[in-house]
Amino acid sequence: VTCAAFSPDGTLVVTASDDKTAKIWSTKSCSPQRSLVEHDLPVESAAFSPDGRFVVTASWDTVAKIWEVESGNCLRSLEGHHLPVMSAGFSPEGTLVVTASVDNTARIWDVETGAC
């Protein structure tokens with residue numbers, strides 16, 4: 001596990017892992033509720049949106065992804081970095097995502113459209 005973060009209400013935790021997945025866990029049962037499986041290489045970081053409805057993951061496959069917590073579905077792939085993406089996070093209002101990459105760039109993405 002490379003990263004762990006609480007949901008805004010504290011009922012869930014998201015973890016990122018070298019096994020190419022992120023998992024959403026219940027803090028009550030300490031059991032996984034969803035597996036987020038679409039990355040091709042290890043997942044370096046994961047974070048909840050401010051409203052807790054979404055998770056963003058950052059991976060060595062050069063892609064960040066936005067996931068719906070309720071379903072576990074990948075809603076958007078944020079592609080544009082040329083080297084591994086090491087971290088990603090939501091803006092305070094939840095409308096933007098920032099990513100940071102080993103390619104020496106940070107990018108700001110629109111959550112709704114995926115535009116950078």
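Above this text sits the structure in question.
So, how was this worked out
Residues numbered from 1 in each chain as written. Predicted model: local features only at pLDDT ≥ 70, side-chain atom pairs only at ≥ 80, totals over all residues. Heavy atoms only, no water. Helix = DSSP H or I, 4+ residues; strand = E, 2+ residues; numbered from the N terminus. Pairing = 2+ DSSP bridges. Axes fitted to C-alpha atoms, helices over the stretch in contact; angles between N-to-C directions. Core = buried A, V, L, I, M, F, W, Y, C linked by side-chain atoms within 4.5 Å. Buried < 20%, exposed > 50% of the residue type's maximum accessible area, 1.4 Å probe, protein only. Contact = heavy atoms within 4.5 Å.

*Asks:* Just to check I follow, could you spell out unusual backbone geometry for this structure?
*Replies:* Glycine aside, negative phi is the norm for most residues, and most peptide bonds take the trans geometry. Phi angles above zero are rare outside glycine, and Lys20 is one such case at about 75 degrees. By secondary structure assignment, the location of Lys20 is in the loop between β2 (12-16) and β3 (21-26). Positive phi outside glycine occurs at Cys30, with the angle close to 55 degrees. Looking at the secondary structure, you find Cys30 in the loop between β3 and β4 (32-37).

*Asks:* I'm lost on the pairing of strand β9 (residues 85-90) in this one. Help?
*Replies:* Side-chain positions along a regular strand alternate between the two faces of the sheet. Pairing analysis gives 5 bridges linking β9 to strand β10 (residues 96-101), with the strands arranged antiparallel. From the neighbouring strand, Phe90 faces β10, where its bridge partner is Val97.

*Asks:* What is the right way to look at the sheet that holds strand β1 (residues 3-6) in this model?
*Replies:* Read from one edge to the other, the open sheet built from 4 strands follows the order β1-β2-β3-β4, with strand pairing classed as antiparallel. The sheet is open, and its two borders are formed by β1 and β4, each paired with just one other strand. Ignoring strand direction, the axes of neighbouring strands in this sheet form an average angle of 15 degrees. Where β3 lies against β4, 5 bridges are found, and the strand directions are antiparallel. From the neighbouring strand, Ala22 faces β4, where its bridge partner is Leu36.

*Asks:* Can you walk me through the nonpolar core in this structure?
*Replies:* Most often, soluble globular proteins keep nonpolar side chains buried together rather than apart. Val56, Ile66, Leu78, Ala88, Phe90, Val97 and Val111 are the most contacted members of the largest nonpolar core, which totals 13 residues. Residue assignment for this core shows that the elements contributing at least two residues are β6 (54-59), β7 (63-68) and β9. When sequence neighbours within four positions are dropped, the list of residues in contact with Leu78 reads Thr62, Val63, Ala64, Ile66, Val97, Trp109 and Gly114. In terms of nonpolar packing, the next biggest core, distinct from the first, is built from 12 residues, Ile24, Val43, Phe48 and Val69 among them.

*Asks:* Is there a simple way to think about the sheet that holds β10 in this case?
*Replies:* Paired through backbone hydrogen bonds, the strands of a sheet run either parallel or antiparallel to each other. Taken in spatial order, the 3 strands line up as β9-β10-β11 in an open sheet, and their pairing is antiparallel. The sheet is open, and its two borders are formed by β9 and β11 (106-110), each paired with just one other strand. Neighbour-to-neighbour, the strand axes of this sheet turn through a mean angle of 20 degrees, independent of strand direction. Direction of pairing for β10 relative to β11: antiparallel, over a ladder of 5 bridges.

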